[in-house]
Amino acid sequence: MGSAGVPALVDALSNPDATVREHAADALGHLGPDADGAAEALAKAAGDSDQTVRVTAVSALGQLGEVADALLQTIVDGPDAMLAAIAKRLVEQRAVADRSEQLRAKLAALQA
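Residues numbered from 1 in each chain as written. Predicted model: local features only at pLDDT ≥ 70, side-chain atom pairs only at ≥ 80, totals over all residues. Heavy atoms only, no water.

Q: Just to check I follow, could you spell out the overall build of the protein chain for this structure?
A: Regarding its fold elements, the protein chain presents 6 helices and 0 strands. Counting from the amino terminus, the protein chain carries its helices and strands in the arrangement α-α-α-α-α-α. Dimensions along the principal axes, computed over C-alpha positions, put the protein chain at roughly 55 × 35 × 15 Å. Expressed as a percentage of the 112 residues in the protein chain, the buried residues total 35%. Within the protein chain, residue pairs in contact and separated by at least 24 positions form 55% of the contacts whose partners lie at least 6 positions apart. (Helix = DSSP H or I, 4+ residues; strand = E, 2+ residues; numbered from the N terminus. Buried < 20%, exposed > 50% of the residue type's maximum accessible area, 1.4 Å probe, protein only. Contact = heavy atoms within 4.5 Å.)

Pasting the structure below:
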(Lines give C-alpha, C1' and ligand atoms only; values in the text may rest on other atoms or scores of the structure.)
Protein backbone atom coordinates (compact mmCIF):
# COMPACT_ATOMS: atom_id res chain seq x y z
CA MET A 1 0.00 0.00 0.00
CA GLY A 2 2.72 2.49 0.96
CA SER A 3 2.12 6.18 1.35
CA ALA A 4 -0.55 6.13 -1.38
CA GLY A 5 -2.94 4.48 1.08
CA VAL A 6 -2.38 6.99 3.86
CA PRO A 7 -5.28 9.33 2.97
CA ALA A 8 -7.80 6.47 3.00
CA LEU A 9 -6.46 5.23 6.32
CA VAL A 10 -6.62 8.74 7.79
CA ASP A 11 -10.27 8.93 6.65
CA ALA A 12 -10.89 5.56 8.32
CA LEU A 13 -9.74 7.04 11.64
CA SER A 14 -13.07 8.91 11.63
CA ASN A 15 -15.21 5.86 10.89
CA PRO A 16 -18.11 5.33 13.31
CA ASP A 17 -16.93 1.76 13.94
CA ALA A 18 -14.17 1.62 16.58
CA THR A 19 -12.76 -1.57 15.08
CA VAL A 20 -12.27 0.18 11.75
CA ARG A 21 -10.56 3.10 13.52
CA GLU A 22 -8.30 0.72 15.44
CA HIS A 23 -7.28 -1.18 12.29
CA ALA A 24 -6.64 2.07 10.43
CA ALA A 25 -4.32 3.29 13.21
CA ASP A 26 -2.57 -0.07 13.28
CA ALA A 27 -2.07 -0.05 9.50
CA LEU A 28 -0.64 3.47 9.66
CA GLY A 29 1.83 2.32 12.29
CA HIS A 30 2.90 -0.58 10.09
CA LEU A 31 3.64 1.89 7.29
CA GLY A 32 6.16 3.60 9.55
CA PRO A 33 7.69 6.81 8.21
CA ASP A 34 5.71 6.37 4.98
CA ALA A 35 2.73 7.45 7.09
CA ASP A 36 4.35 10.61 8.50
CA GLY A 37 1.58 12.62 6.89
CA ALA A 38 -0.89 10.94 9.25
CA ALA A 39 0.87 12.08 12.43
CA GLU A 40 -1.64 14.79 13.35
CA ALA A 41 -4.59 12.48 12.62
CA LEU A 42 -3.06 9.78 14.84
CA ALA A 43 -2.48 12.33 17.59
CA LYS A 44 -6.14 13.28 17.33
CA ALA A 45 -7.09 9.58 17.45
CA ALA A 46 -5.15 9.37 20.72
CA GLY A 47 -8.16 11.24 22.13
CA ASP A 48 -10.70 8.76 20.71
CA SER A 49 -13.63 7.64 22.85
CA ASP A 50 -12.47 4.01 22.52
CA GLN A 51 -9.51 2.97 24.67
CA THR A 52 -8.21 0.42 22.16
CA VAL A 53 -8.19 3.06 19.42
CA ARG A 54 -6.33 5.47 21.72
CA VAL A 55 -3.65 2.92 22.58
CA THR A 56 -3.26 1.79 18.97
CA ALA A 57 -2.98 5.40 17.77
CA VAL A 58 -0.23 6.21 20.28
CA SER A 59 1.61 3.01 19.39
CA ALA A 60 1.34 3.90 15.70
CA LEU A 61 2.84 7.33 16.37
CA GLY A 62 5.85 5.55 17.80
CA GLN A 63 6.43 3.89 14.43
CA LEU A 64 6.48 7.12 12.45
CA GLY A 65 9.49 9.28 11.74
CA GLU A 66 10.76 12.33 13.61
CA VAL A 67 7.55 14.18 12.80
CA ALA A 68 5.93 12.27 15.68
CA ASP A 69 8.47 13.25 18.36
CA ALA A 70 6.72 16.42 19.55
CA LEU A 71 3.32 14.74 19.38
CA LEU A 72 4.50 11.86 21.53
CA GLN A 73 5.96 14.30 24.05
CA THR A 74 2.62 16.10 24.22
CA ILE A 75 0.98 12.78 25.09
CA VAL A 76 3.67 12.08 27.71
CA ASP A 77 2.77 15.42 29.30
CA GLY A 78 -0.98 14.85 28.93
CA PRO A 79 -3.64 13.88 31.46
CA ASP A 80 -4.10 10.20 30.50
CA ALA A 81 -1.62 8.28 32.66
CA MET A 82 -1.85 5.07 30.63
CA LEU A 83 -1.24 6.82 27.30
CA ALA A 84 1.50 8.91 28.90
CA ALA A 85 3.28 5.75 30.04
CA ILE A 86 3.04 4.20 26.56
CA ALA A 87 4.24 7.38 24.89
CA LYS A 88 7.11 7.72 27.37
CA ARG A 89 8.25 4.18 26.61
CA LEU A 90 8.12 4.93 22.88
CA VAL A 91 10.08 8.17 23.31
CA GLU A 92 12.71 6.28 25.32
CA GLN A 93 12.94 3.52 22.70
CA ARG A 94 13.38 6.11 19.97
CA ALA A 95 16.16 7.81 21.96
CA VAL A 96 17.99 4.50 22.42
CA ALA A 97 17.68 3.74 18.71
CA ASP A 98 19.03 7.21 17.86
CA ARG A 99 22.00 6.77 20.20
CA SER A 100 22.71 3.33 18.75
CA GLU A 101 22.72 4.76 15.24
CA GLN A 102 25.08 7.53 16.30
CA LEU A 103 27.45 5.01 17.87
CA ARG A 104 27.35 2.85 14.72
CA ALA A 105 28.23 5.89 12.61
CA LYS A 106 31.14 6.81 14.89
CA LEU A 107 32.43 3.25 14.84
CA ALA A 108 32.21 3.14 11.05
CA ALA A 109 34.12 6.42 10.84
CA LEU A 110 36.85 5.06 13.12
CA GLN A 111 37.15 1.92 11.03
CA ALA A 112 37.40 3.83 7.75
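Q: Where do I start with the side chain of Arg54 in this structure?
A: Summarising the element assignment, Arg54 is placed in helix 4 (residues 51–61). Excluding residues within four positions of it along the chain, Arg54 makes contact with Ala45, Ala46, Gly47, Asp48, Ser49, Asp80 and Leu83.

Q: In this structure, what is going on with the side chain of Arg94? I would like to understand it.
A: Summarising the element assignment, Arg94 is placed in helix 6 (residues 81–111). In this structure Arg94 comes out as buried when scored by relative accessible area, which is 16%. A polar atom in the side chain of Arg94 sits 2.9 Å from the backbone oxygen of Leu64. In this structure, Arg94 is in contact with Leu61, Gly62, Gln63, Leu64, Gly65, Glu66, Ala68, Asp69 and Leu72, ignoring residues within four places of it in sequence. (Polar contact = N/O pair within 3.5 Å; in protein donor to acceptor, adjacent residues only side chain to side chain.)

Q: Is there a simple way to think about the pattern of salt bridges in this case?
A: As a working rule, side chains carrying opposite charge can pair if their charged atoms are close by. As enumerated under the stated definition, the model contains 3 salt bridges in all. Between Asp48 and Arg21 there is a salt bridge; the shortest N-O distance is 2.7 Å. With Asp48 in the loop between helix 3 (39–45) and helix 4 and Arg21 in helix 2 (residues 18–31), the pair connects residues that are 27 residues apart, well separated along the chain. Judged by its relative accessible area of 13%, Asp48 falls in the buried class. Where Arg54 meets Asp80, a salt bridge forms, and the shortest distance between an N and an O atom there is 4.0 Å. Taken together, the positions of Arg54 in helix 4 and Asp80 in the loop between helix 5 (69–76) and helix 6 put the pair 26 residues apart, joining distant regions of the chain. (Salt bridge = Lys/Arg side-chain N within 4 Å of Asp/Glu carboxyl O.)

That's the geometry; what it means functionally is another story.
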